[in-house]
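So the chains spell out like this:
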Amino acid sequence: MVNLGDTFPNFEAETSVGKIKFHEWLGESWGILFSHPADYTPVCTTELSRAASLAGEFAKRNVKMIALSVDDVDSHVGWIKDIQSYSGQSGEFPFPIIADNRDLAVKFGMLDPDERDKAGMPLTARCVFIIGPDKKLKLSILYPATTGRNFDEILRVVDSLQLTATKKVATPVDWKEGGDCMVIPSVKQEEVAQLFPKGVTVKPVPSGKSYLRITPQP
């Protein structure tokens, strides 16, 4: 298992585009590693189709995507044609799919004990790992096999992670790019004017504490 802030382990893997070494493949980019239960299954097809359609948006944010399941390379390559047919896309598929022999799935806690293949072996759940250019884990989400992910939400999370990595703000509930942010508690009042030239509004609360400090997105 990898905890937030840990260096995400380097690994070698066979993929739909050949063998990769993860850290070398990632380079100076952000990365999203996401697993799916199985190729040629309905929910997974919709997910990878949506991820592929958003590839340009992730690329704008310097994010590389890579998928994973316990199917082999030939299965991945064949299934990509179905994904592209479903989404109406063509040409080069925008991200690799890792062919895992369950080593990575076990190592990273990706297996769903309630979902099994015909041989009774557990399938990968719907994990999402977001890794920064420093190779450290910034976010992890685990969905069961029966629940498809929302890739617009993953894109929103990337926006938040990249903003808060360089600015002394946090993003509130339901925040979207361009929305107001919260000044983090560690910022002292005497630093506010210099750090937030657009101004800061303090939301009054019954406690009288001035911790709800709102500022336009830096």
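Going by the annotation in an unreviewed UniProt entry, the name recorded for the chain is Peroxiredoxin-6-like, with Acanthaster planci given as the source organism. Here is the UniProt Function (unreviewed entry) comment for the chain, exactly as written: "Thiol-specific peroxidase that catalyzes the reduction of hydrogen peroxide and organic hydroperoxides to water and alcohols, respectively." Recorded in UniProt for the chain, the comment headed Sequence similarities (unreviewed entry) runs: "Belongs to the peroxiredoxin family. Prx6 subfamily."

Draft legend 1. Just the overall build of the chain, in detail. When its secondary structure is counted, the chain shows seven helices and 13 strands. Expressed along its principal axes, the backbone C-alpha trace of the chain runs to roughly 60 × 35 × 30 Å. Counting contacts in the chain only where the partners sit at least 6 residues apart, residues at least 24 apart contribute 62% of the total. Approximately 11,400 Å² of the chain is accessible, and the part contributed by carbon and sulfur atoms is 52%. One finds the centroid of the 25 positive side-chain charges in the chain at a distance of 8 Å from the centroid of its 28 negative side-chain charges.

Draft legend 2. Main features of the sheet that holds strand β1 (residues 12–15). Sheet architecture is open: seven strands sit in the order β2-β1-β5-β4-β3-β8-β9, paired in mixed fashion. The sheet is open, and its two edges are formed by β2 (18–21) and β9 (137–143), each paired on a single side. Between one strand axis and the next, the sheet turns through 30° on average, direction left out of account. Two strands pair when backbone bridges link them, and β1 and β2 are joined in this way by four bridges, in the antiparallel orientation. Counterpart to Glu14 in the pairing with β2 is Lys19. On the sheet, helix α2 (residues 42–53) packs against β3 (30–35), β4 (63–69), β5 (97–99) and β8 (126–131) and is oriented at approximately 25° with respect to β8. Together, β1, β4 and β5 form the strand contacts of helix α4 (residues 73–87), whose direction differs from that of β5 by roughly 150°.

Draft legend 3. The UniProt feature "active site" (unreviewed entry) in the chain, seen in detail. Under the present numbering, the feature "active site" (unreviewed entry) in UniProt falls on Cys44. Along the chain, Cys44 falls in helix α2. Take Cys44: its relative accessible area is 1%, and that puts it in the buried class. Beyond its immediate sequence surroundings of up to four residues, Cys44 is in contact with His36, Pro37, Ala38, Trp79 and Arg126.

Draft legend 4. Examining the side chain of Thr45 more closely. Relative to the helices and strands, Thr45 is located in helix α2. Overall, Thr45 belongs to the buried group, its relative accessible area being 11%. There is a polar contact of 2.7 Å between the side chain of Thr45 and the backbone oxygen of Thr41. Not counting chain neighbours up to four residues away, the residues in contact with Thr45 comprise Trp79, Ile83 and Tyr86.

Draft legend 5. Structural context of unusual backbone geometry. With a phi close to 55°, Tyr40 is a non-glycine residue in the positive phi region. Locating Tyr40 in the fold gives a position in the loop between β3 and α2. Here Arg102, not a glycine, exhibits a phi torsion of approximately 85°, which is positive. Its place among the elements puts Arg102 in the loop between β5 and α5 (103–107).

Conventions used here
Residues numbered from 1 in each chain as written. Predicted model: local features only at pLDDT ≥ 70, side-chain atom pairs only at ≥ 80, totals over all residues. Heavy atoms only, no water. UniProt positions renumbered as here; feature names shortened; annotations may be inferred. Helix = DSSP H or I, 4+ residues; strand = E, 2+ residues; numbered from the N terminus. Contact = heavy atoms within 4.5 Å. Areas by Shrake-Rupley, 256 points an atom, 1.4 Å probe, with all protein chains shown as cover. Lys, Arg positive; Asp, Glu negative; His and termini not counted. Charge placed at Lys NZ, Arg CZ, Asp CG, Glu CD. Pairing = 2+ DSSP bridges. Axes fitted to C-alpha atoms, helices over the stretch in contact; angles between N-to-C directions. Buried < 20%, exposed > 50% of the residue type's maximum accessible area, 1.4 Å probe, protein only. Polar contact = N/O pair within 3.5 Å; in protein donor to acceptor, adjacent residues only side chain to side chain.

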